[in-house]
Amino acid sequence: MNIERVGVVGGGQMGAGIAEVCAKAGVDVVVHEVSEELAEAARSRVEKSLGKAVERGKLDATDRDNILAGMRFVSDLNLMADRQLVIEAVVEHEGIKTDLFGKLDTIVTAADAILASNTSSIPLTRIGQATSRPGSVVGMHFFNPAPVMPLVEIVHSVTTTDDTADRAAAFARDVLGKVVVRSKDRAGFIVNKLLCPYIFEAIRMFESGFATREDIDAAMVNGAGYPMGPLTLSDLIGNDTMLAVAESLYAEYNEPRYAAPPLLKRMVEAGMLGRKSGRGFYDYG
Ligand SMILES: NC(=O)c1ccc[n+]([C@@H]2O[C@H](COP(=O)([O-])OP(=O)(O)OC[C@H]3O[C@@H](n4cnc5c(N)ncnc54)[C@H](O)[C@@H]3O)[C@@H](O)[C@H]2O)c1
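Everything in this summary refers to the structure shown in the same document. Note that the coordinates shown come from a computational prediction; the quantities given were computed from them, not determined experimentally.

Attention now moves to the sheet that holds strand E6 (residues 137-142). Taking strand neighbours across the sheet as the criterion, the eight strands line up as E3-E2-E1-E4-E5-E6-E7-E8 in an open arrangement whose pairing is mixed. Looking at strand neighbours, the two that pair on one side only are strand E3 (71-74) and strand E8 (179-184), the edges of this open sheet. Neighbouring strand axes in the sheet, compared pairwise and without regard to direction, differ in orientation by 25 degrees on average. Relative to E3, strand E2 (residues 28-32) runs parallel, the two being bridged by four bridges. Bridging from a neighbouring strand, His-32 pairs with Val-74 of E3. Contacting strand E1 (5-9), strand E4 (85-88), strand E5 (114-117), E6, strand E7 (151-156) and E8, helix H6 (residues 162-175) runs over the sheet at an angle of about 25 degrees to E6.

Below, the structure is given as structure tokens:
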């Protein structure tokens, strides 16, 4: 089965990026959001991203218009019915995701459709159990920003069939042109299991007054060759997402290095989510 019709549920920073990547590959894409207003916001996110590519000379205006013409932004989940692959990218909240997969299970008609989650840390096995077809549920973990970052982690739950995982991997690699790695269903998968303790340690370092935020970030950019420092990265990922990932990692491994630093919790409570809210470790005006 060639995957030609993809649904993306959640049009935030990740969902909009994933939808853009699929549409650029010539796939018909439907993006679902919780309201018409948020569906329009998702469209604006994609338009802005494509607009930047045109400005930089990486895309011509006709291609931009064709890509946008291949995308629909909707608030009716029933429009996922004819999709061959649905990629969920809603907030990192287990109850919201399992509720959504229960609904997709009844809506998506093709028995061999793939139901994928972009979750950063929630066990795919639990998400699969919310459906009557856990063999068709797989993790497709893209990275931020999805149009730029090459990696997709394909996550096999204990119930994902090899056929589902192989088809999801082939789509990511052959159609989207991504680099694919495979991980078992353990919280954080490969990248976040390694990356998050490092970011949490940077937050603890900043919180304790060990060094300034600018020096922590400059140290890792200039001393370790990272493209951005850990506090800038936390702001880019979203501090709410970082907190949710910490909670999943800590619940899974019970190790202090995965525990959310208190400062991260207070910042999320204060709405300091990073770039997306205009303020996090840094002020984005
Ligand atoms: N931010 C990152 O760097 C990153 C990287 C990889 C994976 N992820 C994962 O991607 C997912 C989304 O993260 P994000 O950064 O895009 O978050 P975000 O807050 O930018 O976007 C989430 C979107 O989901 C929408 N939403 C919430 N409930 C919904 C529902 N029931 N149906 C449809 N839409 C719904 C919200 O309106 C919002 O637009 C999370 O699971 C996160 O862990 C994030």
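Right, picking up where we left off after that structure.
Neighbouring the ligand are 24 residues, the closest being Met-14, Glu-33, Glu-92, Lys-97 and Ser-120. Asn-118 is positioned with one of its side-chain polar atoms (N or O) 2.9 Å from an oxygen atom of the ligand. In the model, an oxygen atom of the ligand is placed 2.7 Å from a nitrogen or oxygen of the Ser-120 side chain. Bound to the protein, the ligand loses 87% of the 830 Å² it would expose on its own. Elements that contribute at least two residues to the shell around the ligand include exactly helix H1 (13-24), helix H4 (94-107) and E6. Across the shell around the ligand, the residue classes tally to 10 nonpolar, 10 polar and four charged.

Computed from the structure, the second largest pocket encloses a volume of approximately 170 Å³. Taken together, Glu-92, Glu-94, Ser-121, Ile-122, Pro-123, Arg-126, Ala-187, Ala-244, Glu-247, Ser-248, Ala-251 and Glu-252 form the lining of the second largest pocket. The element contributing the most residues to the lining of the second largest pocket is helix H10 (residues 239-253), with five residues. Within the lining of the second largest pocket, the residues separate by chemical class into five nonpolar, two polar and five charged.

Our focus in this paragraph is the environment of Arg-126. In this fold, Arg-126 is placed in helix H5 (residues 124-129). Here the alpha-carbon distance between Arg-126 and Val-158, two residues 32 residues apart in the chain, equals 9.9 Å. Filtering out sequence-adjacent residues up to four positions away, Arg-126 remains in contact with Glu-94 and Thr-98.

Val-6, Met-71, Leu-85, Met-140, Phe-142 and Phe-171 are the most contacted members of the largest nonpolar core, which has 40 residues in total. If you tally residues by element for this core, the top one is H1, at seven residues. Those residues in contact with Met-140 that lie beyond four places of it in its chain are Leu-85, Ile-87, Ala-116, Ser-117, Asn-118, Val-152, Glu-153, Ile-154, Ala-168, Phe-171 and Ala-172. Grouped together as the second largest cluster of nonpolar side chains are 24 residues, Cys-196, Ile-216, Ala-246 and Tyr-253 included.

Looking now at unusual backbone geometry. If a residue is not glycine, its phi is most likely negative; likewise, a peptide bond is most likely trans. Residue Pro-145 is reached from Asn-144 by a cis peptide bond, and omega for that bond is -5 degrees. Structurally, Pro-145 is set in the loop between E6 and E7. Phi at Phe-189 is positive, roughly 50 degrees, even though this residue is not glycine.

A few words on the pattern of salt bridges. Here the structure, examined in full by the defined rule, presents 20 salt bridges. We note a salt bridge from Arg-43 to Glu-40, for which the minimum N-O separation is 3.3 Å. With Arg-43 and Glu-40 both in helix H2 (residues 36-55) and three residues apart, this pair spans about one turn of that helix. By relative accessible area, Glu-40 is classed as partly exposed at 37%.

This next bit is on the packing of aromatic side chains. In this description, a pair of aromatic rings is defined by centroid distance and the angle of the planes. Considering all chains together, one arrives at three aromatic pairs under this definition. Ring centres 5.3 Å apart and planes at 70 degrees place the aromatic pair Tyr-198 and Tyr-226 in the edge-to-face group. With a gap of 28 residues between them, Tyr-198 in helix H7 (residues 191-207) and Tyr-226 in the loop between helix H8 (213-224) and helix H9 (230-237) connect regions that are remote in the sequence. Taking the centre distance of 6.0 Å and the plane angle of 75 degrees together, the rings of Phe-206 and Phe-281 count as edge-to-face. With Phe-206 in helix H7 and Phe-281 in the segment after helix H11 (262-269), this pair connects stretches of sequence that are 75 residues apart. Residue Phe-281 is classed as buried on the basis of its relative accessible area, which comes to 3%.

Rules used in this analysis
- Residues numbered from 1 in each chain as written.
- Predicted model: local features only at pLDDT ≥ 70, side-chain atom pairs only at ≥ 80, totals over all residues.
- Heavy atoms only, no water.
- Pairing = 2+ DSSP bridges.
- Helix = DSSP H or I, 4+ residues; strand = E, 2+ residues; numbered from the N terminus.
- Axes fitted to C-alpha atoms, helices over the stretch in contact; angles between N-to-C directions.
- Contact = heavy atoms within 4.5 Å.
- Near = heavy atom within 4 Å.
- Polar contact = N/O pair within 3.5 Å; in protein donor to acceptor, adjacent residues only side chain to side chain.
- Areas by Shrake-Rupley, 256 points an atom, 1.4 Å probe, with all protein chains shown as cover.
- Nonpolar A, V, L, I, M, F, W, Y, C, P; charged D, E, K, R; others polar.
- 1 Å grid on protein atoms, 1.4 Å probe; cavity = no way out; pocket = protein on both sides within 12 Å on 5 of 7 lines; lining within 4 Å.
- Points joined across faces, edges and corners; volume = space filled by probe spheres on them.
- Core = buried A, V, L, I, M, F, W, Y, C linked by side-chain atoms within 4.5 Å.
- Buried < 20%, exposed > 50% of the residue type's maximum accessible area, 1.4 Å probe, protein only.
- Salt bridge = Lys/Arg side-chain N within 4 Å of Asp/Glu carboxyl O.
- Phe/Tyr/Trp six-rings, centres within 6.5 Å; stacked < 30°, edge-to-face > 60°.

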